[in-house]
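Summary of structural features
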Amino acid sequence: MSDHGLHSFETRAIHAGNTADPQTGAVVPPIYQVSTYKQDGVGGLRGGYEYSRSANPTRTALEENLAAIEGGRRGLAFASGLAAEDCLLRTLLRPGDHVVIPNDAYGGTFRLFAKVVERWGVDFSVANTSDPAAVRGSVTDRTKVIWVETPSNPLLGITDIAAVADIARTAGAKLVVDNTFASPYLQQPISLGADVVVHSLTKYMGGHSDVVGGGLIAADADLGEELAYHQNAMGAVAGPFDAWLVLRGIKTLPVRMDRHSENAARVAEMLTRHPKVVEVLYPGLPEHPGHEVAAKQMRAFGGMVSFRVQGGEQAAVEVCNRAKLFTLGESLGGVESLIEHPGRMTHASVVGSALEVPADLVRLSVGIEAADDLLADLQQALG
Ligand SMILES: Cc1ncc(COP(=O)(O)O)c(C=O)c1O
């Protein structure tokens with residue numbers, strides 16, 4: 001794995017973890033659909049594998065790839081993004097600890113903090129992480145984790161990772177960055193000072209809306225080892241076929257992200273000129289409040305665009321219902337374009353909380369179809 005550190009991102013995405021199968025020379029790691037491994041005498045493991053919850057060669061290939069493309073020391077693959085988050089939080093936190101979480105984040109992440117983690121005796125403060133002073137003001141002497149999602153889901157808020165990393169270091173807290181929206185091709189949180197990167201591999205990393213998975217990448221080998229121990233102890237691992245699908249998806253991540261970003265920029269620009277659109281949230285727009293920070297820490301601005309529709313909630317719901325090429329559905333990051341109403345769909349779990357999203361908001365996951373077709377569909381959906 002270490003030699004891949006010398007290569008460019010595109011090369012690592014294709015080769016890291018993808019060593020030719022030693023038995024057959026197959027250039028793609030096989031799907032080791034197996035639970036257990038024959039031992040040559042008690043304790044005589046052939047390739048270090050004994051049971052597939054603890055380790056599986058296809059999952060190892062993905063985990064090595066994840067570490068290489070995020071620039072971390074250890075990658076781990078889980079059954080879902082939330083399974084990865086759960087393992088991370090149960091590793092980092094003890095009763096009495098405090099966490100700072102963003103005021104804009106995936107609803108399921110907020111639900112994990114508010115409905116599960118809080119019951120273990122861990123409390124949290126909600127802060128606008130786009131404002132480093134607000135993060136600093138929320139830190140207490142019990143703060144062990146600062147959690148950041150940038151760009152955020154669904155409001156596309158931008159947090160200055162390097163600035164918050166400084167605050168975390170001073171506080172003796174770990175900085176966790178959910179890099180799902182950007183992907184490591186567009187943004188490298190560990191190089192900016194993050195301790196752990198979290199992924200819903202379901203999204204851009206898999207890239208084809210055909211797998212649910214999660215990832216953790218630790219900057220530090222010791223924390224990576226502790227997380228690996230807990231991954232096995234808790235058991236929510238990625239299965240071999242799921243790991244294989246994500247590994248395959250990652251090979252085309254750079255070309256997909258370039259196209260997602262180009263298409264999203266065109267969609268955002270069209271929406272800014274549309275009379276039925278009240279506000280467009282896209283970090284690539286010069287008027288976006290996080291534009292400068294995004295330009296500093298991201299290679300391009302990604303494929304997610306949110307916008308607010310004139311006429312309130314009902315008008316936003318109607319736009320979602322009228323779209324044809326944009327499929328109405330949850331999730332994001334696949335090659336096909338998706339549209340959804342966060343207030344009633346992905347973010348229904350934050351209604352009534354500090355993370356509640358505007359009722360007139362529509363979220364787009366802009367795919368890699370022809371941009372002109374996407375623009376035409378949105379124009380007809382807006383009426
Ligand atoms: C930013 C972000 N983080 C984490 C998750 C959770 O991942 P999963 O659905 O794979 O459990 C999601 C899911 O939508 C997400 O959008």
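Residues numbered from 1 in each chain as written. Predicted model: local features only at pLDDT ≥ 70, side-chain atom pairs only at ≥ 80, totals over all residues. Heavy atoms only, no water.

Re the sheet that holds strand E10 (residues 327–328)
In spatial order, the strands read E8-E9-E12-E11-E10; together these 5 strands make up an open sheet with mixed pairing. Only two strands of the sheet have a single partner each, and these edge strands are strand E8 (277–281) and E10. Where E10 lies against strand E11 (residues 338–340), 2 bridges are found, and the strand directions are parallel. Following the sheet pairing, Leu328 is matched in E11 by Ile339. Across the sheet, helix H12 (residues 312–322) is in contact with strand E9 (304–309), E10, E11 and strand E12 (361–365); its angle to E9 comes to roughly 135 degrees. (Pairing = 2+ DSSP bridges. Helix = DSSP H or I, 4+ residues; strand = E, 2+ residues; numbered from the N terminus. Contact = heavy atoms within 4.5 Å. Axes fitted to C-alpha atoms, helices over the stretch in contact; angles between N-to-C directions.)

Some points on the sheet that holds strand E5 (residues 174–178)
With respect to topology, 7 strands assemble into an open sheet ordered E1-E7-E6-E5-E4-E2-E3, the strand pairing being mixed. Looking along the sheet, the strands with just one partner apiece sit at the ends: strand E1 (74–78) and strand E3 (123–127). Taking each pair of neighbouring strands and ignoring which way they run, the sheet shows an average axis angle of 20 degrees. Relative to strand E7 (residues 214–218), E1 runs antiparallel, the two being bridged by 5 bridges.

Thoughts on helix H13 (residues 371–382)
Helix length check: H13, at 12 residues, gives a terminal C-alpha distance of 17 Å against a target of 16 Å (1.5 Å per residue), a fit within 8%. Taken as a whole, H13 has its buried residues at Ala371, Leu374, Leu375, Asp377, Leu378, Ala381 and Leu382. The arc enclosing the buried residues of H13, seen along the axis, measures out at 165 degrees, which places them on a common side. Here the buried face of H13 lies against helix H10 (253–272), E8, E9, H12 and E12. Of the residues trailing H13, Gly383 is marked for its positive phi of about 85 degrees. (Expected span 1.5 Å × (residues − 1). Buried < 20%, exposed > 50% of the residue type's maximum accessible area, 1.4 Å probe, protein only. Arc of directions from axis to C-beta.)

A short note on the domain arrangement of the protein chain
Looking at the assigned domains, one finds that the protein chain contains domain 1 (7–251) and domain 2 (253–382). Domain 1 and domain 2 are separated by 25 Å when their C-alpha centres are compared. At the junction of the two partners, domain 1 supplies 42 residues and domain 2 supplies 43 residues. Summed over both partners, the interface of domain 1 with domain 2 comes to about 3,300 Å²; 65% of that surface belongs to carbon and sulfur atoms. Applying the counting criterion to the domain 1 and domain 2 interface returns 1 salt bridge. Asp160 is the partner of Lys296 in a salt bridge, and the nearest nitrogen-oxygen pair spans 2.9 Å. Contributions of two or more residues to the side of domain 1 that touches domain 2 are made by helix H1 (9–15), helix H4 (107–116), helix H7 (183–186) and helix H9 (240–251). (Domains from an automatic or database assignment. Buried area = accessible area lost by both parts, 1.4 Å probe. Salt bridge = Lys/Arg side-chain N within 4 Å of Asp/Glu carboxyl O.)

What to know about the packing of H10 against H13
Geometrically, a packed helix pair is captured by the angle between its two axes and the distance between the axes. Between H10 and H13, whose axes approach to 10 Å, the crossing angle comes to 30 degrees. When the axes of H10 and H13 are compared, the crossing they make is right-handed. Within the contact between the two elements, H10 uses Asn263, Arg266, Val267, Met270 and Leu271 and H13 uses Ala371, Asp372, Leu374, Leu375, Leu378, Gln379 and Leu382. Here the contact of H10 with H13 is built from residues that sort into 8 nonpolar, 2 polar and 2 charged. (Left-handed = near helix turned anticlockwise from the far one by under 90°. Nonpolar A, V, L, I, M, F, W, Y, C, P; charged D, E, K, R; others polar.)

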